[in-house]
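Analysis of the macromolecular model
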2 protein chains.
Amino acid sequence: MDLIEKAAAGDTLAISRLLSEVENDSEQGKKALDELYARGGQAAIIGVTGPSGSGKSTLVNRLALALSCPESGAPRQVAVIAVDPSSPFSGGALLGDRVRMRDLGVLPNIFIRSMATRGALGGLACAAESAAQVLDAAGFGLILVETVGAGQSEVDIARLAHTTVVVEAPGQGDDIQAAKAGILEIADVLVVNKSDKPDAAAAARTLEAMLEIGAQMVHASQAEENARWQVPLVSTCALDGSGVEDLKQAIMAHQAWLRAHGGLEEKNRARAEDALKLAAREHLFKEWQRGLDPGKYRQALENVLARRLSPRQALERLLKP
Amino acid sequence: MDLIEKAAAGDTLAISRLLSEVENDSEQGKKALDELYARGGQAAIIGVTGPSGSGKSTLVNRLALALSCPESGAPRQVAVIAVDPSSPFSGGALLGDRVRMRDLGVLPNIFIRSMATRGALGGLACAAESAAQVLDAAGFGLILVETVGAGQSEVDIARLAHTTVVVEAPGQGDDIQAAKAGILEIADVLVVNKSDKPDAAAAARTLEAMLEIGAQMVHASQAEENARWQVPLVSTCALDGSGVEDLKQAIMAHQAWLRAHGGLEEKNRARAEDALKLAAREHLFKEWQRGLDPGKYRQALENVLARRLSPRQALERLLKP
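Residues numbered from 1 in each chain as written. Chains lettered and ligands numbered in written order. Predicted model: local features only at pLDDT ≥ 70, side-chain atom pairs only at ≥ 80, totals over all residues.

**Some remarks on the overall build of chain A**
As a reminder of what qualifies: Elements are defined by DSSP. Helices are runs of H or I of four residues or more, strands are runs of E of two residues or more, and each kind is numbered from the N terminus. Note on burial: count the other C-beta atoms lying within 10 Å of the residue's C-beta; 20 or more is buried, 12 or fewer is exposed, in between is partly exposed, and C-beta positions come from the backbone. By definition, residue pairs are in contact when their C-beta atoms, positioned from the backbone, come within 7 Å.
In terms of regular secondary structure, chain A is built from 14 helices and 7 strands. Of all 321 residues assigned to chain A, the portion counted as buried reaches 47%. Once local pairs closer than 6 in sequence are excluded, the contacts in chain A between residues at least 24 apart make up 72%.

The structure is reproduced here in structure tokens:
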């Protein structure tokens, strides 16, 4: 049985090795993604994002545990992909791994993987998407993708995930208000973590008010209003685990809502389109680089550097046959 | 005199309008970038990045004021580009604008611009680079580019800037250690803001220790060691302004070091190469999209969605003539 077969059968070591191949964009990695794609599409992908210091990592640990225990039946296979978009090497990511493994590694039905995506081909979106595809095909029914928030990485995760959980914590300072506008828009579930902190209630009230304003701005008809997902606000304390069960229920409720309203199909269509376009971007650029005349490229660069030509003008000349 | 001429002459209103044209990627915006490119290359670009809640915005206000007052001679023209990568609309950014204008708008030699870059063509890097080029050509000698940290946006800003300032604040929680690994690598100047907070001294000590470990890991020879820039750690309190003068001096020292060690040339070469590659990426993708057969594209998308083909396999078929 080869590596791909073993991974598809759920062999943890094979999955780990395959994820490395995929991360390195090796030939075997590409082959695995092609072969495994047909077996995927079953997993629910939950993105968890929020600023550094919101206690997300601890919360994701608790959540993975809670999600692996269903109301009834056999335990769910849960995978966690912890993405560190600022790290160019796996050092920081490995540290995170070890801390998490202490809590989770002993449980056979939870799989953890840290990824350093800085400088990764196609960026965070591509790396996390590929890892999720491997884990999906390997039979994990729930995949949590955790990333430090702020900026493009949040948007990328929201596009990848079926359900996006945005974690905030009280006392995150002055520029949080401005940042919220865009962040609230991607949240399917909003969390105020560190509910034991004295200013947690105030933070929750502020977020609640912003959610209401956001809902009012939509100006929906009553029928539309009924069909719309109402973003719930959940208070948690990852340290002692309180509220984690509520968060699990909120996520499951959103999954049920997606299934009932055709949202899964819509999200999967957007994901397929993203994946196709991302593949096209990378392929076209690589092909262009491969075909470049090194002398002409150097000349173009010198022209830009000396400000004789703008980058766009230099490119135009470079593209001329 | 047309808009481009007016902007190049420093007309604030014309600059604002031109920045909007550039942001919208209009024909006039593209023309302006081409025409203005030859006049640029004079500005020092200072990137300021750090997590939400570190008090960066207030610090940037103070810093812009301090930098506009040179030791001697006429006041410097300083521009601030405040990038909000999580916002798809200018709402949040505008709010930030107003808060800042209260402090700075009255000073004729400081120009502020907020940008919402979520979903922007080519992303944050491209949008901030274009805005910086306009401001550079318009005669601003110092351009501060401020962005919420974490992830790709930090790396993008570090590539764009000559000097990268990373702002941290005490009490940013548990996952800061892991995040630091990658962040320290891009910092030319490291700041612990909120020095009035009780745990500020401890945060500074931790960062100092990490800087030392990082320096030791380089294993440089003594000659290399002497030529290497030693990342300074500056403590500031943006609220009362203490330490801001030290930060200004640290930035100016890095600029002087860059000039003395050929670092400006090196950074500008990397920027020119980035700009050329970014232009190529966008152009190639747009051309591909323009030439696409809508029927074949829909078919490819359906194949991916139904998991009959992986995105890469569907793309391969799509690229066949």
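**So, the packing of helix α13 (residues 294–305) of chain A against helix α12 (residues 263–291) of chain B**
Selection rule: As a rule, the C-alpha atoms of each element are fitted with a line to give its axis, helices using only the stretch in contact, and angles between N-to-C directions run from 0 to 180 degrees. Crossings are assigned a handedness: left-handed for a near helix turned anticlockwise from the far helix by less than a right angle, right-handed for a clockwise turn.
With their axes 9 Å apart at the nearest point, α13(A) and α12(B) run at an angle of 115° to one another. In this structure, α13(A) crosses over α12(B), and the sense of that crossing is right-handed. The residues of α12(B) that touch α13(A), namely those facing A300(A), L301(A), V304(A) and L305(A), are N268(B), R269(B), A272(B), E273(B), A275(B) and L276(B).

**Overview of the domain arrangement of chain A**
For clarity, the cut-off: Annotation comment: domain bounds sourced from an automatic or database domain assignment.
For chain A, the assigned domains are domain 1 (1–38), domain 2 (40–261) and domain 3 (287–319). Of note, the centres of domain 1 of chain A and domain 3 of chain A, computed from C-alpha atoms alone, are 38 Å apart.

**Section: the packing of helix α4 (residues 56–68) of chain B against helix α11 (residues 244–260) of chain B**
Residues and elements named next belong to chain B. To keep things clear, this is the line we draw: In the scheme used here, Gly and all other residues not listed as nonpolar or charged are polar, with Ala, Val, Leu, Ile, Met, Phe, Trp, Tyr, Cys and Pro taken as nonpolar and Asp, Glu, Lys and Arg as charged.
At a minimum axis separation of 9 Å, α4 and α11 run at an interaxial angle of 65°. Relative to α11, the crossing made by α4 is right-handed. When α4 is examined against α11, the residues R62, L63, A66 and L67 are found in contact with a partner set consisting of V244, E245, L247 and K248. A class-by-class count of the residues in the contact of α4 with α11 yields 5 nonpolar, no polar and 3 charged.

**Thoughts on α13(A)**
We apply this condition: Expected span of a helix, by definition, is 1.5 Å for each gap between consecutive residues, and there is one gap fewer than residues.
Here α13(A) is 12 residues long and its end C-alpha atoms lie 16 Å apart, about the 16 Å a rise of 1.5 Å per residue gives. Phi turns positive one or two residues past the end of α13(A), at R307(A), with a value near 60°.

**Details of helix α11 (residues 244–260) of chain A**
The first and last C-alpha atoms of α11(A) sit 24 Å apart over 17 residues, in line with the 24 Å expected at 1.5 Å per residue. Against the buried residues of α11(A) lie β1 (44–50), α4 (56–68), β5 (163–168), β6 (189–192) and β7 (233–235) of chain A.

**Observations concerning the environment of L278(A)**
For L278(A), the position within the fold is in helix α12 (residues 263–291). Once the C-alpha coordinates of L278(A) and E302(A) are considered, the two residues, 24 residues apart in sequence, prove to be 30 Å apart.

**Side note on unusual backbone geometry**
Across the chain, the bulk of peptide bonds are trans and the bulk of non-glycine residues have phi less than zero. Positioned with a positive phi, R307(A) is a non-glycine residue whose angle comes to about 60°. Despite not being glycine, D25(B) shows a phi value in the positive range, around 55°. Judged by the 16 C-beta atoms lying within 10 Å of it, D25(B) is partly exposed.

**Some thoughts on the pairing of strand β4 (residues 142–148) of chain A**
Counting buried positions along β4(A) gives 7 out of 7 residues, so the element sits mostly inside the fold. Here β4(A) shows no split at all, with L142(A), L144(A), E146(A) and V148(A) on one side and I143(A), V145(A) and T147(A) on the other all buried.

**Here's the deal with the pairing of β1(A)**
Residues and elements named next belong to chain A. As a reminder, the rule being used: When DSSP finds at least two bridges between two strands, those strands are taken to pair.
With respect to burial, β1 is a largely interior element, 7 of its 7 residues being buried. Burial along β1 is two-sided: A44, I46, V48 and G50 and I45, G47 and T49, pointing in opposite directions, are all buried. For β1 and β4, the ladder comprises 7 bridges, and the chain directions are parallel. Bridging from a neighbouring strand, T49 pairs with T147 of β4. Bridge count for β1 against β5 is 4 bridges, and the pairing is parallel. Within β5, the residue paired with V48 across the bridge is V165.

**Section: the confidence of the model for chain A**
All names here are of chain A. Selection criterion: Per-residue confidence from the predictor is reported as pLDDT, which spans 0 to 100.
In the predicted model, chain A carries a mean pLDDT of 81, and 79% of its residues have values of at least 70. Scored below 50 in pLDDT, residues 174–179 shows 16 contacts in the model against residues more than four places distant or in partner chains. Two numbers describe this predicted complex: its pTM, 0.75, and its ipTM, 0.80.

**Observations concerning the environment of G10(B)**
Residue and element names in this part refer to chain B. Considering the arrangement of structural elements, one finds G10 in the loop between α1 (3–8) and α2 (12–23). For G10, a count of 13 C-beta atoms within 10 Å puts it in the partly exposed group. C-alpha separation for the pair G10 and F140, spaced 130 residues apart in sequence, amounts to 8.5 Å. Discounting chain neighbours no more than four positions away, the residues touching G10 are A138 and G139.

**Some words on the environment of I4(B)**
All names here are of chain B. Topologically, I4 is positioned in helix α1. Owing to 21 C-beta atoms within 10 Å, I4 belongs among the buried residues under this scheme. Here I4 is in contact with L18, A32, E35 and L36, once residues within four sequence places are set aside.

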